[in-house]
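Architecture at a glance
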Amino acid sequence: MTLEPILTAPLAIQLHLAAALLAVAITPVMLLRRKGDARHRLFGQVWVFAMAVTALSSFWISTIRLWGAWSPIHILSLVTLVTLVLAVQRARAGDICGHKAALLGSVSGLLGAGLFTLLPGRLLSDVLLVGHETLGFGVVLGLGAVGLFALGRRWKRL
């Protein structure tokens, strides 16, 4: 594995990747720890910022051009920005069920976009799954599905 393709990628891709990795790292902390305290709000603010940077930076990435410079992933970026605003608004209003629903949408979008970047032939697939792109994608897809299922069951109990 070599990081050279990432280190030589355009700044927008590097920023996008750094913000996405920060969001991915914080996601389990946010989902598994105690909710509602000052630390939860602090982690939440960092997570929302990382997700917003991830979504916004995607508009300067146009490697897949289906409609001019745009692709379906840009629709996901717009949806993510909307769900982030809704999640914050609903939390501030005390609507915890609405907050959870908006966050489930954002987390699902993060997972979906992450899976998309690991498709064989994409930059991260070439860097992280060298020689095992298809198997690696299948494993990540399976783990993501299990994670979403577990998250959905956990949130139904809360």
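Rules used throughout
- Residues numbered from 1 in each chain as written.
- Predicted model: local features only at pLDDT ≥ 70, side-chain atom pairs only at ≥ 80, totals over all residues.
- Heavy atoms only, no water.
- Axes fitted to C-alpha atoms, helices over the stretch in contact; angles between N-to-C directions.
- Helix = DSSP H or I, 4+ residues; strand = E, 2+ residues; numbered from the N terminus.
- Parallel < 35°, antiparallel > 145°, perpendicular 65-115°, else oblique.
- Left-handed = near helix turned anticlockwise from the far one by under 90°.
- Contact = heavy atoms within 4.5 Å.
- Nonpolar A, V, L, I, M, F, W, Y, C, P; charged D, E, K, R; others polar.
- Core = buried A, V, L, I, M, F, W, Y, C linked by side-chain atoms within 4.5 Å.
- Buried < 20%, exposed > 50% of the residue type's maximum accessible area, 1.4 Å probe, protein only.
- Polar contact = N/O pair within 3.5 Å; in protein donor to acceptor, adjacent residues only side chain to side chain.

The interhelical angle for the contact between helix α3 (residues 38-57) and helix α4 (residues 72-92), taken along N-to-C directions, is 160°, at an axis separation of 9 Å. Taken together, α3 and α4 sit at an angle that is classed as roughly antiparallel. In terms of crossing hand, the pair formed by α3 and α4 is left-handed. On α4, the residues that touch W47, V48, M51, A52, A55 and L56 of α3 are S77, T80, L81, L84 and V88. Across the contact of α3 with α4, the residue classes tally to nine nonpolar, two polar and no charged.

Let us now look at the nonpolar core. Judged by nonpolar contacts, the single largest core of 15 residues is most densely connected at A23, W47, M51 and L84. Broken down by secondary-structure element, the contributors of at least two residues to this core are α2 (11-32), α3, α4 and α5 (96-117). Dropping the residues within four chain positions of it, W47 is found in contact with A23, I26, T27, L84, L103, S106 and V107. Formed by eight residues, the second largest nonpolar core is a distinct cluster that contains L17, L118, L124 and F137.

This brings us to the environment of A91. With respect to the element layout, A91 can be found in helix α4. Note on A91: relative accessible area 31%, which makes it partly exposed. Placed 55 residues apart in sequence, A91 and G36 show a C-alpha to C-alpha distance of 9.2 Å.

Turning to its location among the elements, T83 is positioned in helix α4. Accessibility expressed as a relative area gives 13% for T83, which makes it buried. Side-chain polar atoms of T83 contact the backbone oxygen of T80, separated by 3.0 Å. A distance of 2.6 Å separates polar atoms of two side chains, one belonging to T83 and the other to S106.

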